[in-house]
Amino acid sequence: MDEILIGGLLALMVVTVWGILRTRNLFAVVVLGGIYSFLTATVMVALDAVDVAMTEAAVGAGVSTVLLLGALYLCRSEEARPMHKPWGAMALSATVTLALFHGTVGLPGFNDPQAPIHQHVAPRYLNEMKQEVDVPNVVTAVLASYRGYDTLGETTVVFTAGAGVVALLRRRKRKGKDKA
Amino acid sequence: MKHDLILRVIAKILIPFLLLFAVYVQFHGDFGPGGGFQAGVIIAAAVVFYALIFGLKAAHRMLPESWVESMMALGVILYAGVGVAGIVLGGNYLDYFVLDAHSTVHGQHRGIFWVEVGVATTVSGVMLKIFYMFADRGHLDRQDPAASQESAEL
């Protein structure tokens with residue numbers, strides 16, 4: 001049942017991407033991007049990754065759609081026709097895609113309990129968590145406690161992204177004397 | 001969208017529940033799905049929603065840009081401060097076991113709680129700051145009152 005659902009959602013995502021490729025109206029592209037994010041979020045729910053789904057729905061479909069609409073307000077809403085046919089770039093991305101497909105052949109199967117990633121530290125987290133941290137949600141325990149350094153790094157990355165945007169977009173108000 | 005009565009009424013009803021949901025996701029993250037990042041994003045989305053319906057100026061009045069900027073840094077400082085607290089109390093950096101004198105498990109709970117608060121603060125601050133900067137740009141680009149009115153509504 002889950003596989004049919006996920007397959008259907010993935011097919012809808014392909015249709016959405018095709019629509020994004022075909023249309024030249026950027027407003028439609030932004031809206032289709034939001035739809036794509038919601039489909040991704042639904043796939044995440046079907047895969048029982050509700051945390052990721054929440055983030056995807058709020059960031060991908062919510063905030064970033066609004067940001068793109070804000071950017072669209074500053075420029076023309078029609079995509080310009082390309083000056084030339086980008087065959088070289090197309091060949092490169094096709095090659096990379098094929099290489100990635102080839103790479104997935106070597107990966108362990110989906111839901112395989114014998115996969116290396118489930119054999120390394122995951123059993124220890126699951127077995128010792130009750131005595132060491134004792135929170136019912138293992139994801140929170142791993143995220144905030146066992147991998148506390150990683151999460152500190154991630155928070156710093158988010159902060160750096162914000163600081164970068166501030167550095168790029170901030171303008172001094174040109175009222176009164178202009179020293180620069 | 002300033003004169004759209006239905007949107008304004010719906011927004012007024014929805015936004016308190018959005019914020020309540022964010023708080024639930026934040027503090028219930030130990031038991032169910034969620035945590036600091038999700039809560040921060042939902043808070044930001046609620047404020048963005050408010051700005052979309054009631055205008056950027058109203059959002060600035062509710063949550064001034066200086067606050068948002070401080071939130072960006074305060075979250076990281078809070079997170080790093082939990083690590084320093086671990087050192088001060090005799091453990092390693094980001095060692096939660098020493099945060100409670102009586103029980104290591106309570107120390108873990110305390111550490112996770114404050115770390116998640118830090119994450120939520122930074123994430124919502126950054127999201128809102130980026131939104132404010134983008135939305136403000138159109139406002140400053142076009143100085144004529146009609147266009148700035150329009151961008152304030154955007």
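Residues numbered from 1 in each chain as written. Chains lettered and ligands numbered in written order. Predicted model: local features only at pLDDT ≥ 70, side-chain atom pairs only at ≥ 80, totals over all residues.

(A) Expanded view of the overall build of chain A. Each helix and strand counted, chain A has 7 helices and 0 strands in total. Mapped from its N terminus to its C terminus, chain A presents α and β elements in the order α-α-α-α-α-α-α. The C-alpha atoms of chain A give a radius of gyration of 22 Å, which is well past the 16 Å a tight globule of 180 residues would have. Projected onto its principal axes, the C-alpha positions of chain A cover 65 × 45 × 30 Å. The buried share among the 180 residues of chain A stands at 18%. Contacts spanning at least 24 positions in sequence make up 44% of the contacts within chain A whose residues lie at least 6 apart. (Helix = DSSP H or I, 4+ residues; strand = E, 2+ residues; numbered from the N terminus. Rg over C-alpha atoms; globule rule 2.2 N^0.38 Å. Buried ≥ 20, exposed ≤ 12 C-beta atoms within 10 Å, placed from the backbone. Contact = placed C-beta atoms within 7 Å.)

(B) Spatial organisation of the overall build of chain B. Looking only at helices and strands, chain B has 6 helices and 0 strands in total. The secondary structure elements of chain B, listed N-terminal to C-terminal, are α-α-α-α-α-α. Taken over 154 residues, chain B has a buried fraction of 44%. Pairs at least 24 apart in sequence give 58% of the contacts found in chain B among residues at least 6 apart.

(C) Spotlight on helix α3 (residues 50-74) of chain A. With 25 residues, α3(A) extends 35 Å between its outermost C-alpha atoms, agreeing within 8% with the 36 Å of an ideal straight helix rising 1.5 Å per residue. The largest bend in α3(A) comes to about 35°, at A:Ser64. (Expected span 1.5 Å × (residues − 1). Bend = angle between axes of the 7 residues up to and from the residue.)

(D) Seen up close, the interface of chain B and chain A. Facing the 49 residues of chain B at the interface are 38 residues of chain A. Elements with a minimum of two residues in the side of chain B that touches chain A: α2 (36-54), α4 (65-88) and α5 (104-141) of chain B. Its residues assigned to classes, the side of chain B that touches chain A shows 30 nonpolar, 14 polar and 5 charged. (Nonpolar A, V, L, I, M, F, W, Y, C, P; charged D, E, K, R; others polar.)

(E) Local environment of the domain arrangement of chain A. Split by domain assignment, chain A resolves into domain 1 (1-78) and domain 2 (114-171). Relative placement of domain 1 of chain A and domain 2 of chain A: their C-alpha centres are 25 Å apart. (Domains from an automatic or database assignment.)

(F) Expanded view of unusual backbone geometry. Of note, A:Asp134 is a non-glycine position whose phi angle comes to about 60°, a positive value. With respect to the helices and strands, A:Asp134 occurs in the loop between α5 (122-132) and α6 (138-146). Given 15 C-beta atoms within a 10 Å radius, A:Asp134 is considered partly exposed. The phi torsion at B:Leu94 lies on the positive side, around 60°, for a residue other than glycine. Take B:Leu94: there are 21 C-beta atoms within 10 Å of it, and that puts it in the buried class.

(G) Spatial organisation of the nonpolar core. Membership of the largest hydrophobic core comes to 61 residues, with the highest contact counts inside it found for A:Val63, B:Val41, B:Ile42, B:Ala44, B:Val47, B:Met127 and B:Phe131. In terms of residue count, the dominant contributor to this core is α5(B) (16 residues). When residues are assigned to domains, this core turns out to be shared by domain 1 (1-78) and domain 2 (114-171) of chain A, each giving three or more. Excluding its chain neighbours within four sequence positions, the residues that come into contact with B:Met127 are A:Val63, B:Val41 and B:Ala44. (Core = buried A, V, L, I, M, F, W, Y, C linked by C-beta atoms within 7 Å.)

(H) Here's a closer look at the confidence of the model for chain A. All names here are of chain A. In this model, chain A carries an average pLDDT of 87, and 95% of its residues clear a pLDDT of 70 or more. Averaged over each element, pLDDT in chain A is lowest for α5 (84) and highest for helix α2 (residues 26-46) (94). Every residue in residues 176-180 is under pLDDT 50, and counting partners more than four places away or in other chains gives 0 contacts. (pLDDT = per-residue confidence, 0-100.)

(I) Quick peek at the confidence of the model for chain B. Residue and element names in this part refer to chain B. Per-chain confidence: chain B averages 85 in pLDDT, with 88% of residues scoring 70 or above. Here residues 142-154 is a poorly scored stretch, pLDDT under 50, and it has 19 contacts once near neighbours within four places are set aside; other chains count. Here the predicted complex scores 0.83 on pTM and 0.83 on ipTM.

(J) Representation of the packing of α5(A) against α6(A) in the model. Residues and elements named next belong to chain A. It is at 11 Å that the axes of α5 and α6 come closest, and there the two elements cross at 90°. Considering their axes alone, α5 and α6 lie roughly perpendicular with respect to each other. Residues Tyr125, Leu126 and Met129 of α5 form the contact with α6, whose participating residues are Val138, Ala141, Val142 and Tyr146. Its residues assigned to classes, the contact of α5 with α6 comprises 7 nonpolar, no polar and no charged. (Axes fitted to C-alpha atoms, helices over the stretch in contact; angles between N-to-C directions. Parallel < 35°, antiparallel > 145°, perpendicular 65-115°, else oblique.)

(K) Examining the environment of B:Ala46 more closely. Residue and element names in this part refer to chain B. With respect to the element layout, Ala46 can be found in helix α2. Ala46 gets classed as buried once you count the C-beta atoms within 10 Å, which come to 23. Note: C-alpha distance between Ala46 and Tyr24 (22 residues apart in sequence) is 14 Å.

(L) Seen up close, the packing of helix α1 (residues 2-22) of chain A against α2(A). All names here are of chain A. Where α1 meets α2, the closest approach of the two axes is 9 Å, and the angle between their N-to-C directions is 165°. When the axis of α1 is compared with that of α2, the two are roughly antiparallel. α1 and α2 meet at a crossing whose hand is left-handed. Side by side, α1 and α2 meet where Asp2, Leu5, Ile6, Leu9, Leu10, Leu12, Met13, Thr16, Val17, Gly19 and Ile20 of the first sit next to Val29, Leu32, Gly33, Ile35, Tyr36, Leu39, Thr42, Val43 and Ala46 of the second. Residues of the contact of α1 with α2, tallied by class, amount to 15 nonpolar, 4 polar and 1 charged. (Left-handed = near helix turned anticlockwise from the far one by under 90°.)

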